[in-house]
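An overview of the molecular structure
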There are 2 protein chains.
Amino acid sequence: MSIESIIQKTVSHWMQASGRLNDVVISSRIRLARNLEGYPFPLELSESQALELINQVKEAVAKAPDGPFEYVSLSEISPLERHVLVEKHLVSPQYVENPMGRGVAINDDQSISIMVNEEDHLRIQCFLPGFNLEEAWDCAAKVDDLLEASLDIAFDEKIGFLTACPTNVGTGLRASAMVHLPALVMTNQVNRVLGSLPQLGLTVRGLFGEGSDAMGNLFQISNQVTLGKTEEDILANLSAVTSQIVDKEREARQSLSEGAKEQLEDRVWRAYGLLTNARLIPGQEALKLLSDVRLGADLGFISNLELEVFNELIVSTGPAHLQYFAGQEINSMARAGQRAILIRSRLINADREEQRC
Amino acid sequence: MSIESIIQKTVSHWMQASGRLNDVVISSRIRLARNLEGYPFPLELSESQALELINQVKEAVAKAPDGPFEYVSLSEISPLERHVLVEKHLVSPQYVENPMGRGVAINDDQSISIMVNEEDHLRIQCFLPGFNLEEAWDCAAKVDDLLEASLDIAFDEKIGFLTACPTNVGTGLRASAMVHLPALVMTNQVNRVLGSLPQLGLTVRGLFGEGSDAMGNLFQISNQVTLGKTEEDILANLSAVTSQIVDKEREARQSLSEGAKEQLEDRVWRAYGLLTNARLIPGQEALKLLSDVRLGADLGFISNLELEVFNELIVSTGPAHLQYFAGQEINSMARAGQRAILIRSRLINADREEQRC
């Protein structure tokens, strides 16, 4: 596996439409922040210390029982390749701005990534399809155990795991669920429903985490507090709230289906017509239209589309992916053209494959 | 032939895409206003006089050498059927409001209609596809001769034909060309180009004549003055100006094709995608989208569509047609649904027929 093969593999495990409640919950993610004893936090790390640390991590992951990790050094790949990793959710957007002394270990199905020298020395991420926080937690805990077996992780008996930023101290855990809430948006309920989350210790972010807008009716819900609670409590709270949001979204879909079915079908099919015919599709519009078509597929208005095509297209129509596969930097108009070609061929193929079965 | 068979025949002769310059000129129309000696104008006509006059016309057209006319008494058909005749351009919108003592004779291919007791006793109309004013004039003149052979037409040696409204006196001739000017509209040139027509003795109207808006980028250009000019002069003037407008529209299309081809293709295919997928299409939007797709067909962006499908759909998606074929009065939302079904099946059929060839 190389950076090329990581990028060529356009369907990561989390994009599969096999998870629980996947009509609303796209994916579940667990992130653990860990640091090594005896080193300053990454911001203060010298070049040689960074390298030393990287080598320790590479050795540790080489012993992974569930198959090999590929270690990618950020300074050895192109800026475009780095942004492809961001679009694949394997690294964070802030992380790739300064590639020196940084790298990421990625497993074969891209469900696990370990960023080295991000804000903390280690950021372990497990990413699974559907509503699957517990399995994602099991996965992350295993990786944590693997690393702890050979690395000296900074841990205080009273406080818990030590982290660069106090907001991560304690469990170092951020659990999140990516939810698709088109009906709550259409019925103007989304602000009310999500507005109550901070009181429950949860935050809402957009598709690409902190600071990103909610595009394509996709919202990331995650815990805000990492200290003073057990991992089990954090997960139980997020799970309970996410389940309620799923119920609210399903109710809103049901009420739209009953009260305004014709308008909803019209909206869904218009989106499908545009996606399969337009010659220039800007990124924001693609997310909006894919959201409408996905809702139509969830409601059974469009029956012959595999659901994973939506997750795949959200990622593969990102600007970095389009430019990577075009083999060069291209402007936004050329990207809109490439995006239209990709979406058209992918949706029509997804349609035909289904019909053939 | 009956009112049912007239309505069932959805493709009138003028809708065929066989005429000259039919990339811009949809159809050519000649209308002659005539009145009978010895009767007051229709507004002053008694019921028995109206009936007498109708019977004379029925007798006269029965002798038509080119096949029979069907005479339809407006008071004997339903309001919906009357409005279908309006949408087919066989009678004028104002005409059907008061059906008493009125009727229309229509030939087999619907290229000729003779309204009895409209504003004048007789309104002869010939309607042909493409840019074909001379043939339409020949056609109307023949019908005029046929009627004159047995009716006593009011004619003054000095003034010419006498008509109810002084604006029609003289030749009683209104010649018009229906033109499709999407590129002049898109490039904001249409007001300038058409704005000069009044100085040339011409007027511009929308799809349904006087008082109607220009929908779907369709404009009717016709002569304003009927007096003091020969029929030949009127036709020559309209022909020359229409030719110039055709040139300007073609230039605008060429320049759009060169300067903004991707955006234009995108616009055309988006319209096609919406027309073949939307589940609710309001009438105005249908005309706008059909205009875009027709432009795409004219420019070769969409190669496998018969052109006559556009003329047919403009007419058959009218509210009266939709309600007639639904078998009942239906509201605008239900019409939008019926319109979408009709357009989708017709465009997809038009596509498949071509592919089969």
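Residues numbered from 1 in each chain as written. Chains lettered and ligands numbered in written order. Predicted model: local features only at pLDDT ≥ 70, side-chain atom pairs only at ≥ 80, totals over all residues. Heavy atoms only, no water.

Residues and elements named next belong to chain A. Here the domain parsing of chain A yields domain 1 (3-253) and domain 2 (260-356). Computed from C-alpha coordinates alone, the two centres of domain 1 and domain 2 are separated by 26 Å. Listed per partner, the contact involves 27 residues of domain 1 and 24 residues of domain 2. Between domain 1 and domain 2, the buried area comes to about 2400 Å², and carbon and sulfur atoms account for 69% of it. Taken together, the links from domain 1 to domain 2 amount to one salt bridge. Taking the shortest distance from any N to any O, the salt bridge between Arg253 and Asp298 comes out at 3.4 Å. Linking domain 1 with domain 2 are seven residue pairs in polar contact (both at pLDDT 80 or more), by the criterion used here. Taken together, the elements giving at least two residues each to the side of domain 1 that touches domain 2 come down to helix H1 (3-8), helix H3 (79-87) and helix H5 (182-186). Broken down by element, the residue count for the side of domain 1 that touches domain 2 peaks at five residues, all from H3. Looking at the side of domain 1 that touches domain 2 residue by residue, the classes come out as 13 nonpolar, eight polar and six charged. (Domains from an automatic or database assignment. Contact = heavy atoms within 4.5 Å. Buried area = accessible area lost by both parts, 1.4 Å probe. Salt bridge = Lys/Arg side-chain N within 4 Å of Asp/Glu carboxyl O. Polar contact = N/O pair within 3.5 Å; in protein donor to acceptor, adjacent residues only side chain to side chain. Helix = DSSP H or I, 4+ residues; strand = E, 2+ residues; numbered from the N terminus. Nonpolar A, V, L, I, M, F, W, Y, C, P; charged D, E, K, R; others polar.)

Attention now moves to the sheet that holds strand E1 (residues 25-34) of chain B. Residues and elements named next belong to chain B. Strands sit in the order E2-E3-E4-E5-E1-E8-E10-E9 across an open sheet of eight strands; the sheet is antiparallel. Looking at the sheet topology across the chains shown, the edges are occupied by strand E2 (70-73) and strand E9 (202-205). With direction set aside, neighbouring strand axes in the sheet form an average angle of 20°. Across eight bridges, E1 lies against strand E5 (residues 122-129) in antiparallel orientation. Residue pairing for E5: Leu32 is matched across the bridge by Ile124. Along the sheet, helix H2 (residues 47-62) contacts E2, strand E3 (103-106), strand E4 (112-116) and E5; its crossing angle with E4, the most-contacted strand, is approximately 160°. (Pairing = 2+ DSSP bridges. Axes fitted to C-alpha atoms, helices over the stretch in contact; angles between N-to-C directions.)

Moving on, we get to the relation of the copies chain A and chain B. Mapping chain A onto chain B leaves a residual RMSD of 0.0 Å; the transformation is a rotation of 180° accompanied by 0.0 Å of translation along its axis. This pairing of chains is accounted for by a two-fold axis. Among all residues of chain A, the one whose C-alpha sits closest to the rotation axis is A:Gly273, at a distance of 2.1 Å. The fraction of interface residues of chain A whose copies in chain B are also interface residues reaches 100%, indicating that both copies meet through the same surface. (Least-squares fit on C-alpha atoms with pLDDT ≥ 70 in both.)

What follows covers a nonpolar patch on the surface. All names here are of chain A. Together, Ile159, Val225 and Leu227 make up an exposed nonpolar region whose accessible area comes to about 230 Å². Inspection of the secondary structure assignment puts Leu227 in the loop between strand E10 (218-223) and helix H7 (231-259). Taking the relative accessible area as the measure of exposure, Leu227 reaches 43% and is therefore partly exposed. (Patch = residues over 30% accessible without salt bridge, like charges linked within 9 Å, V, L, I, M, F, W, Y side chains within 5 Å. Areas by Shrake-Rupley, 256 points an atom, 1.4 Å probe, with all protein chains shown as cover. Buried < 20%, exposed > 50% of the residue type's maximum accessible area, 1.4 Å probe, protein only.)

Residue and element names in this part refer to chain A. Enumeration according to the criterion identifies 26 salt bridges over all chains in this entry. Note that Asp292 and Lys288 form a salt bridge whose closest N and O atoms lie 4.0 Å from each other. Separated by four residues within a single helix, Asp292 and Lys288 lie in helix H9 (residues 283-298), roughly one turn from each other. Residue Asp292 is classed as buried on the basis of its relative accessible area, which comes to 3%. Since its relative accessible area comes to 44%, Lys288 is described here as partly exposed. Each of Glu118, Glu119, Asp120 and Arg123 takes part in salt bridges that share partners, so that together they form one network.

Here the focus is the pairing of strand E1 (residues 25-34) of chain A. All names here are of chain A. Burial analysis of E1 places ten of its ten residues in the buried class, the great majority of the element. In the sheet, E1 pairs with strand E8 (residues 173-180) via seven bridges, with the strands oriented antiparallel. Bridge pairing in E8 places Leu32 opposite Leu173.

The subject of this paragraph is the interface of chain A and chain B. Opposite the 17 residues of chain A that make contact, chain B presents 17 residues. At the boundary of chain A with chain B, total buried surface from both sides reaches about 1600 Å², with 57% on carbon and sulfur atoms. If you sort the residues of chain A by the area they bury against chain B, A:Arg270, A:Asn277 and A:Arg279 come out on top, with a joint share of 35%. In this assembly, chain A and chain B are joined by eight residue pairs in polar contact (both at pLDDT 80 or more). It is helix H8 (residues 261-275) of chain A that contributes the most residues to the side of chain A that touches chain B, nine residues altogether. When its residues are assigned to classes, the side of chain A that touches chain B shows eight nonpolar, three polar and six charged.

Residue and element names in this part refer to chain B. Along strand E8 (residues 173-180), eight of the eight residues are buried, which leaves the element largely enclosed by surrounding structure. Relative to strand E10 (residues 218-223), E8 is paired through five bridges, and the arrangement is antiparallel. Along E10, the bridge assignment pairs His180 with Leu218.

Quick look at the environment of B:Glu157 now. Structurally, the position occupied by B:Glu157 is in the loop between strand E6 (155-156) and strand E7 (160-161). Along the primary structure B:Glu157 and B:Gly170 are separated by 13 residues, whereas in three dimensions their C-alpha atoms are 9.8 Å apart.

As a further point, take the state of the cysteines. Residue and element names in this part refer to chain A. Per the stated rule, a full pass over the model turns up two disulfides over all chains. With its sulfur 2.4 Å from that of its partner, Cys126 forms a disulfide with Cys139. Judged by the torsion about the S-S bond (-70°), the Cys126/Cys139 disulfide is left-handed. Separated by 13 residues along the polypeptide, Cys126 in strand E5 (residues 122-129) and Cys139 in helix H4 (residues 133-150) bring together distant segments of the chain. Judged by its relative accessible area of 0%, Cys126 is buried. Its relative accessible area of 17% is what places Cys139 among the buried residues. (Disulfide = S-S within 2.5 Å.)

On to the sheet that holds strand E2 (residues 69-73) of chain A. Backbone hydrogen bonds hold the strands of a sheet together, and the pairing may be parallel or antiparallel. All names here are of chain A. With antiparallel pairing, the eight strands of this open sheet are ordered in space as E2-E3-E4-E5-E1-E8-E10-E9. Among the strands making up the open sheet, the edge pair consists of E2 and strand E9 (202-205). The average angle at which neighbouring strand axes cross in this sheet is 20°, direction not considered. Together, E1, E8, E9 and E10 form the strand contacts of H7, whose direction differs from that of E8 by roughly 10°.

Let us look at the packing of H8(A) against H9(A). The geometry of a pair of packed helices is captured by two quantities: the angle between their axes and the separation between those axes. Residue and element names in this part refer to chain A. Following both chains from N to C, one finds H8 and H9 inclined at 130°, their axes separated by 8 Å at the closest point. One way to sum up the angle between H8 and H9 is to call them oblique. H8 and H9 meet at a crossing whose hand is left-handed. Every residue of H9 that contacts H8 at Leu264, Arg267, Val268, Ala271, Tyr272, Leu274 and Leu275 is listed here: Glu285, Leu289, Leu290, Asp292, Val293, Leu295 and Gly296. Looking at side-chain class alone, the contact of H8 with H9 contains ten nonpolar, one polar and three charged residues. (Parallel < 35°, antiparallel > 145°, perpendicular 65-115°, else oblique. Left-handed = near helix turned anticlockwise from the far one by under 90°.)

Another aspect to go through is the nonpolar core. Core analysis: the largest hydrophobic core is formed by 185 residues, its most contacted members being A:Ile30, A:Ile114, B:Ile30 and B:Ile114. Here the element with the most residues in this core is helix H4 (residues 133-150) of chain B; it accounts for nine residues. Once residues lying within four places of it in the same chain are set aside, the contact partners of A:Ile114 are A:Val61, A:Phe69, A:Gly103, A:Val104, A:Ala105, A:Leu122, A:Arg123, A:Ile124, A:Val143 and A:Leu147. (Core = buried A, V, L, I, M, F, W, Y, C linked by side-chain atoms within 4.5 Å.)

Next up on the list: unusual backbone geometry. Residue A:Gln110 is not a glycine yet carries a positive backbone phi of 65°. Looking at where A:Gln110 falls in the secondary structure, it is placed in the loop between strand E3 (103-107) and strand E4 (112-116). Using a relative accessible area of 2% as the deciding quantity, one classes A:Gln110 as buried. In this structure, B:Leu21 is a non-glycine residue whose phi angle is positive, near 50°. Tracing the backbone through its elements, the reader meets B:Leu21 in the loop between helix H1 (3-8) and E1. A relative accessible area of 24% means that B:Leu21 is categorised as partly exposed.

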